[in-house]
Amino acid sequence: MPLLSRLAEATDERPGAIRVQDRSLSWVELRRAAAAVADDLRGATRVAVPATASLETVVGVVGGLLAGAAVVPVPPDAGPMERDHILRDSGAELLLAVPGTREADSPPLVPLNLARRSDTRHPEPDPAATALILYTSGTTGAPKGAVLSRRAVAACLDGLADSWAWTPDDLLVHGLPLFHVHGLVLGVLGPLRVGSRLRHVGRPHPERYAGAGGSLYFGVPTIWSRIAAQPAAARALRGARLLVSGSAALPEPVFTALAGLTGHRPLERYGMTETLVTVSARADGPRRPGIVGVPLPGVHTRVRDEHGGPLPADGAAMGELQVRGGTLFDGYLNRPDADAATRTADGWFRTGDVATVDPDGAHRIVGRAATDLIKSGGYRIGAGEVEDALLAHPGVREAAVVGTPHPDLGQQVTAYVVGDGVTEAELIDFVARHLSAHKRPRQVRLVGALPRNAMGKVQKTLLTET
Ligand code: MLC
Ligand code: AMP
């Protein structure tokens, strides 16, 4: 079956099926516009797409997938350091771009023109071929490219369709960025495999969710918390079928407020760039605050103690969640070292998340093993990458970055800096210009020294006490 099966067989010419902000295409128009892009790719194996929240991104990504290329979404606000790394590391041979774009230092440009159409039927690639290379942060260094096969994407979407009773009758609404699993894999490729309509609202403002009239809504907890804080917007979602939260833990007060205002208990699901979505509550099952549900079909999970020993599913024993199954990635591009570190000797993927499992199989994510991975607004941010960016500023002598609790973002990036004549605002802007803006510290504390142990290593747990 083709990866984008419903799109491949679509004959529906009704306007408005796939909408991003104020522009849309019918199913047939999208297939023909994407086929025109695929015609232009001339056998390229890896294609980069600037992933703005636009119809161009949808057509570009789908065109790449129809052509059998691995698609590399580039965050639109990635600063030069991050962008260069992604383009170079991924080995992208071409960069799709709207006409008129001038990009210094990039692979050859292929213009993306939404008015073009083609009726070429591109042969369906091998399911083992790479669909996407998604860049994601580790605790240190530059982001790593997670290689996701077409088979893994299909397995995840089929599992979610089953779990959420997601069908062509649904209208999916969201306003998530199109360079991560949540917004791109679930939020764009999902509708094209399942056959539901899509309305991407540009930015995830509560009033835009409220006005979209969808049946199925996706959001990260920050979005749900903002919606819950606007009762009129929340009440407008009463007519929906399912409100889905993921990418970070949904706070219990937000769960309760949303349930009260919308009449729907939100459904939580858990995933990672490397594993896609692996655990989810079911549309026909219980939805409890703090519970992310049960493994998707074909996914297996286990919880291990710090020595790798098994822990019971008793709702209390906490350990590292490990997963295996058809939704897992093929590894990090060019990083066999990092790859090896994420796999156990018997082939399970180490998520780095700490979980408990109830006797009935319900999973609860209790935290992360590594404090150097920060989740802010649903974005995963590596402390080391932000520290490296800060250290590139001539006025910064030492820097240590941590995630601190934040009422809106879950965690915020907080930087402790030993510097010479620098200001907080200057450093925040400096990071925002060099990396994606969401990686910028929201708070910079200028300190005289960083607490270090006898080996000279920064003791981050002591930082919040300085
Ligand atoms: C502000 N801005 C600046 C700036 N200050 N730009 C440069 N320099 C500065 N100093 C700009 C930003 O670029 C942005 O522009 C605007 O101001 C607001 O930015 P923000 O403050 O960062 O946005 P905010 O409102 O805080 O964002 C909240 C949010 C966002 C929830 C909308 O965090 C978000 O979209 N999160 C989704 C993350 C996600 O999809 N994660 C999924 C990972 S996959 P502009 O132009 O953009 O408005 C995964 C797997 C799974 O986890 O299980 O799903
Ligand atoms: P990312 O690589 O951006 O895909 O982030 C993956 C991480 O997000 C996971 O390792 C978890 O720490 C976190 N995460 C995703 N979904 C949830 C959830 N429902 N509850 C708690 N944490 C989550």
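In this text, all values refer to a predicted model and were calculated from it rather than measured experimentally. (Residues numbered from 1 in each chain as written. Chains lettered and ligands numbered in written order. Predicted model: local features only at pLDDT ≥ 70, side-chain atom pairs only at ≥ 80, totals over all residues. Heavy atoms only, no water.)

**Observations concerning the overall build of the protein chain**
Helix and strand counts for the protein chain come out as 14 helices and 25 strands. Against the 2.2 N^0.38 benchmark of 23 Å for 466 residues, the protein chain shows a C-alpha radius of gyration of 22 Å, consistent with a compact globule. In terms of principal-axis extent, the alpha carbons of the protein chain reach across some 65 × 55 × 50 Å. Every one of the 466 residues in the protein chain was classed for burial, and the buried ones make up 56%. As presented, the protein chain carries roughly 18500 Å² of accessible surface, and 52% of it is formed by carbon and sulfur atoms. Considering the protein chain, the positive charge centre built from 50 side chains and the negative charge centre built from 49 side chains are found 3 Å apart. (Helix = DSSP H or I, 4+ residues; strand = E, 2+ residues; numbered from the N terminus. Rg over C-alpha atoms; globule rule 2.2 N^0.38 Å. Buried < 20%, exposed > 50% of the residue type's maximum accessible area, 1.4 Å probe, protein only. Areas by Shrake-Rupley, 256 points an atom, 1.4 Å probe, with all protein chains shown as cover. Lys, Arg positive; Asp, Glu negative; His and termini not counted. Charge placed at Lys NZ, Arg CZ, Asp CG, Glu CD.)

**Thoughts on the site of ligand 1**
The local shell around ligand 1 holds 23 residues, among which Ser 247, Arg 269, Gly 377, Gly 378 and Asp 429 are the closest. In the environment of ligand 1, an oxygen atom lies 2.7 Å from a nitrogen or oxygen atom belonging to the side chain of Arg 269. If you list the elements that add at least two residues to the shell around ligand 1, you get helix 6 (181-194), helix 8 (221-228), strand 13 (267-272) and helix 13 (424-434). In terms of residue class, the shell around ligand 1 is made up of nine nonpolar, seven polar and seven charged. The residues that make up the shell around ligand 1 include at least three from each of domain 2 (189-329 + 340-367) and domain 3 (373-465). (Near = heavy atom within 4 Å. Polar contact = N/O pair within 3.5 Å; in protein donor to acceptor, adjacent residues only side chain to side chain. Nonpolar A, V, L, I, M, F, W, Y, C, P; charged D, E, K, R; others polar. Domains from an automatic or database assignment.)

**Observations regarding empty space enclosed by the protein**
For the structure on display, the rule yields three cavities of 30 Å³ or more. Within this model, the largest cavity holds a volume of roughly 130 Å³. Around the largest cavity sit 15 residues that line it, and Pro 75, Glu 82, Tyr 135, His 180 and Lys 439 are the ones nearest its centre. Within the residue set of the lining of the largest cavity, elements represented by two or more residues are helix 4 (80-90), strand 7 (130-136) and strand 22 (379-382). Class assignment of the residues belonging to the lining of the largest cavity gives a composition of seven nonpolar, five polar and three charged. Taken domain by domain, the lining of the largest cavity gets at least three of its residues from each of domain 1 (5-149) and domain 3 (373-465). (1 Å grid on protein atoms, 1.4 Å probe; cavity = no way out; pocket = protein on both sides within 12 Å on 5 of 7 lines; lining within 4 Å. Points joined across faces, edges and corners; volume = space filled by probe spheres on them.)

**Let's talk about the pattern of salt bridges**
Applying the stated criterion across every chain, the model contains 24 salt bridges. Across the salt bridge formed by Asp 158 and Arg 193, the nearest N and O atoms sit 2.7 Å from each other. Pair noted here: Asp 158 is in helix 5 (residues 150-164) and Arg 193 is in helix 6, with a separation of 35 residues, a long-range link. The exposure class of Asp 158 is partly exposed, given its relative accessible area of 36%. A relative accessible area of 7% places Arg 193 in the buried class. For Asp 358, the salt bridge is made with Arg 288, and the minimal N-O distance between the two is 3.5 Å. On the criterion of sequence distance, the pair formed by Asp 358 in the loop between strand 19 (349-357) and strand 20 (363-368) and Arg 288 in the loop between strand 14 (276-280) and strand 15 (291-295) is long-range, its members being 70 residues apart. For Asp 358, a relative accessible area of 14% corresponds to the buried category. If you follow the salt bridges from partner to partner, you end up with Glu 82, Glu 385 and Lys 439 in one network. (Salt bridge = Lys/Arg side-chain N within 4 Å of Asp/Glu carboxyl O.)

**Observations concerning the side chain of Thr 342**
Residue position: Thr 342 is located in helix 11 (residues 336-342). Only 2.8 Å separates the side chain of Thr 342 from the backbone oxygen of Asp 339, close enough to count as a polar contact. When neighbours within four sequence positions are excluded, Thr 342 is seen to be in contact with Tyr 332, Trp 348, Phe 349 and Arg 350. (Contact = heavy atoms within 4.5 Å.)

**As for the domain arrangement of the protein chain**
According to the domain assignment, the protein chain contains domain 1 (5-149), domain 2 (189-329 + 340-367) and domain 3 (373-465). Once you take the C-alpha centre of each, domain 1 and domain 2 turn out to be 26 Å apart. Tallying the contact residues gives 20 residues for domain 1 and 18 residues for domain 2. Of the roughly 1600 Å² buried at the junction of domain 1 and domain 2 (both faces included), carbon and sulfur atoms supply 67%. On the domain 1 side of the contact with domain 2, Arg 19, Trp 27 and Leu 148 bury the most area, a combined 27% of that side's loss. (Buried area = accessible area lost by both parts, 1.4 Å probe.)

**As for helix 13**
Along helix 13, the residues that are buried comprise Leu 427, Ile 428, Phe 430, Val 431, Ala 432 and His 434. Considering only its buried residues, helix 13 is in contact with helix 4, helix 12 (383-391), strand 23 (396-406), strand 24 (410-419) and strand 25 (443-446).

**Focus: the pairing of strand 3 (residues 46-50)**
With five bridges joining them, strand 3 and strand 4 (residues 70-74) adopt parallel strand pairing. By the bridge assignment, Val 47 is partnered in strand 4 with Val 71. In terms of handedness, the path from strand 3 via helix 3 (residues 55-66) over to strand 4 forms a crossover that is right-handed. Inspection of the sheet shows strand 3 paired to strand 5 (residues 94-97) by two bridges, in the parallel sense. Looking at strand 5, one finds that Ala 48 is bridged to Leu 95. (Pairing = 2+ DSSP bridges. Right-handed = clockwise from strand over helix to strand, strands pointing away.)

**Observations concerning the UniProt feature "domain: AMP-binding enzyme C-terminal" (unreviewed entry) in the protein chain**
Residues given the UniProt feature "domain: AMP-binding enzyme C-terminal" (unreviewed entry) here are residues 385-457. Along residues 385-457, the helical share is 25% and the strand share 34%, with 17 Å between the first and last C-alpha atoms. (UniProt positions renumbered as here; feature names shortened; annotations may be inferred.)

**Topic: the site of ligand 2**
Arg 269, Thr 273, Asp 353, Arg 368 and Arg 380 are the nearest of the 16 residues found near ligand 2. Between ligand 2 and the protein, one listed contact pairs a nitrogen atom with a side-chain N or O atom of Glu 268 at 3.3 Å. Residue Arg 269 places a main-chain N or O atom 2.8 Å away from a nitrogen atom belonging to ligand 2. When isolated, ligand 2 has an accessible area of 500 Å², and the protein chains bury 93% of it. Looking at the shell around ligand 2, the elements that each hand over two or more residues are strand 13 and strand 20. Tallying contributions element by element places strand 13 first for the shell around ligand 2, with five residues. Across the shell around ligand 2, the residue classes break down as six nonpolar, four polar and six charged.

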